[in-house]
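Summary of the model geometry
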Amino acid sequence: MEELLERLLEECLHFTTQGRVADYIPELAKANPDALGIYVIGSEGKHSWAGDCHQPFTIQSVVKPILLLQALLDNGVELVQSRVGVEATGKPFDAINAGDQSLDSGHINPMVNMGAIVMCTLIRGATYEERFQRLLELTRKLAGDESIGVDEAVYRSEKSHGSKNRALAYLLKSYGLLEDDVEEVLDCYFRACSIQVDCRALAHIGAVLSNRGRLPVSNQRIFPSALARYVNAILMTCGMYDGSGEFAMRVGVPAKSGVGGGIMAVVPTRMGIGIYSPALDSKGNSMAGIHLLERLSKELYLSIF
Ligand code: GLN
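Anyway, here's the lowdown on the structure attached to this text. A quick note: this is a predicted structure, and the numbers were derived from the prediction, not measured. (Residues numbered from 1 in each chain as written. Predicted model: local features only at pLDDT ≥ 70, side-chain atom pairs only at ≥ 80, totals over all residues. Heavy atoms only, no water.)

Quick look at the packing of helix α2 (residues 64–75) against helix α4 (residues 113–122) now. The geometry of a pair of packed helices is captured by two quantities: the angle between their axes and the separation between those axes. In the contact formed by α2 and α4, the axes pass within 9 Å of each other and the chain directions differ by 40°. Classified by the angle their axes make, α2 and α4 are oblique. Every pair of crossing elements has a handedness; the one defined by α2 and α4 is left-handed. Contacts between α2 and α4 pair Lys64, Leu67, Leu68, Ala71, Asp74 and Asn75 from the former with Asn113, Ala116, Met119, Cys120 and Leu122 from the latter. (Axes fitted to C-alpha atoms, helices over the stretch in contact; angles between N-to-C directions. Helix = DSSP H or I, 4+ residues; strand = E, 2+ residues; numbered from the N terminus. Parallel < 35°, antiparallel > 145°, perpendicular 65-115°, else oblique. Left-handed = near helix turned anticlockwise from the far one by under 90°. Contact = heavy atoms within 4.5 Å.)

A separate point is unusual backbone geometry. It is generally the case that most residues other than glycine have a negative phi and that most peptide bonds are trans. Phi is positive for Gln60, close to 50°, though the residue is something other than glycine. Take Gln60: it is sitting in the loop between β4 (57–58) and α2. For Gln60, a relative accessible area of 3% puts it in the buried group. Of note, Asn219 is a non-glycine position whose phi angle comes to about 60°, a positive value. (Buried < 20%, exposed > 50% of the residue type's maximum accessible area, 1.4 Å probe, protein only.)

On to the environment of Glu184, then. Structurally, Glu184 can be placed in helix α8 (residues 182–193). Separated by 25 residues in sequence, Glu184 and Lys159 place their C-alpha atoms 11 Å apart.

Per the counting criterion, the structure on display carries zero disulfides. With no disulfide of its own, Cys53 has Cys199 as its nearest cysteine by sulfur position, at a separation of 5.8 Å. Cys188 provides the cysteine sulfur closest to Cys120, a residue in no disulfide bond, and the two sulfurs are 4.0 Å apart. (Disulfide = S-S within 2.5 Å.)

A few words now on the pairing of strand β8 (residues 271–276). Here β8 lies mainly inside the structure; six of its six residues are buried. Judged by which residues are buried, β8 turns out to be covered on both faces: Met271, Ile273 and Ile275 on one side and Gly272, Gly274 and Tyr276 on the other are all buried. Pairing of strand β7 (residues 262–267) with β8, which is carried by six bridges, proceeds in the antiparallel orientation. Considered in β8, the bridge of Ile263 is made with Ile275. In this structure, the hairpin formed by β7 and β8 is closed by a connection of three residues, where Thr269 is found at a positive phi of approximately 65°. (Pairing = 2+ DSSP bridges.)

This part covers the site of the ligand. Residues in close proximity to the ligand include Tyr24, Gln60, Ser61, Phe93, Asn113, Glu158, Asn165, Tyr189, Cys193, Tyr241, Gly258 and Val259, which together make up its full environment. Take Tyr24: an N or O atom from its side chain is 2.6 Å from an oxygen atom of the ligand. The fraction of the free accessible surface of the ligand (290 Å²) that becomes covered by protein chains is 99%. Its residues assigned to classes, the shell around the ligand comprises six nonpolar, five polar and one charged. (Near = heavy atom within 4 Å. Polar contact = N/O pair within 3.5 Å; in protein donor to acceptor, adjacent residues only side chain to side chain. Areas by Shrake-Rupley, 256 points an atom, 1.4 Å probe, with all protein chains shown as cover. Nonpolar A, V, L, I, M, F, W, Y, C, P; charged D, E, K, R; others polar.)

Let us look at the sheet that holds strand β6 (residues 255–257). Strand pairing in a sheet relies on backbone hydrogen bonds, with the paired strands running either antiparallel or parallel. On the basis of which strands lie adjacent, the open sheet formed by five strands has the order β3-β2-β8-β7-β6 and antiparallel pairing. Edge strands, defined here as strands with exactly one partner in the open sheet, are β3 (47–51) and β6. Neighbouring strand axes in the sheet, compared pairwise and without regard to direction, differ in orientation by 10° on average. Across the sheet, helix α1 (residues 2–12) is in contact with β2 (37–42) and β3; its angle to β3 comes to roughly 25°.

Time to look at the pattern of salt bridges. In this structure the tally under the stated criterion is 17 salt bridges. Between Glu129 and Arg191 there is a salt bridge whose closest N-O contact spans 2.9 Å. Placement of Glu129 in helix α5 (residues 128–143) and of Arg191 in helix α8 is noted, with a sequence separation of 62 residues between them. Of the residues examined, Glu129 reaches a relative accessible area of 38% and is grouped as partly exposed. Residue Arg191 is classed as buried on the basis of its relative accessible area, which comes to 14%. (Salt bridge = Lys/Arg side-chain N within 4 Å of Asp/Glu carboxyl O.)

The next thing to look at is the packing of helix α6 (residues 152–160) against α8. Look at α6 against α8: their axes get within 9 Å of each other, and the N-to-C directions meet at 140°. When the interaxial angle is binned, α6 and α8 end up oblique. Crossing hand, α6 versus α8: right-handed. Each of Tyr155, Glu158 and Lys159 in α6 lies in contact with α8, whose residues at this interface are Glu183, Asp187, Phe190, Arg191 and Cys193. Tallied by class, residues from the contact of α6 with α8 come to three nonpolar, no polar and five charged.

This is how it looks when you write it as structure tokens:
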């Protein structure tokens, strides 16, 4: 496996030059555009890796499935689905879905910003500080890493350059889809996006989802298998935003990307994969990361289709 990962990584390195590091959050622009790393955790517990897989980066939108999981654990499927739908939006992650249709819960999705902002309001806790701490705890458990924390510089950068997310949150509020104080909700969302991870952490989260809610090796159950089905299905249809259809054809597994350059991929019953490569394509997905996943999928017949 290591040899295969090394070879594919070598073959895909040049794709990093075709992408661009996100700069709409100024702190993210400091990332090294040439970086590429991969980490795989198999269902039997074997770890394999190659490249810049120990480089820390912020989780960004890869936190969305964790926000969804926490909301589902706290409220159950029925309530969550009544507040945020499950249909793919087919639109960019920060799209304002109000121009061509009325804004209602069925028109947002937990894998795009509007849906993820609502998820923050569904997490239980007396204060937004407490809600965030519970989310952080779940992230640590899923990632198998108790040391995971927040990148404070990225958090401050997101908070002071978050006009678009503020616009989305106020729009949700005006349509009655969000009740709480917008700044408090967004503070939780910005901190969630600024959680610092590496490829190993993302691979571990993917491995738990591929193992239908159980930790690899110990088999300890973290969440019910019905919730793994719910999350994996939404990752398949909307995890890569408006690039999800093409990703389904090229790679064919549930996955989630983030503008920090991370991709978390779930190969049901077989493995979790964590990728880092911050040079992004026009949809905000890791350019070389998708090429690397595509090749790995072909070599190991990973596509579920
Ligand atoms: N924090 C980012 C934002 O809200 C997350 C977006 C992403 O990773 N696609 O804009």
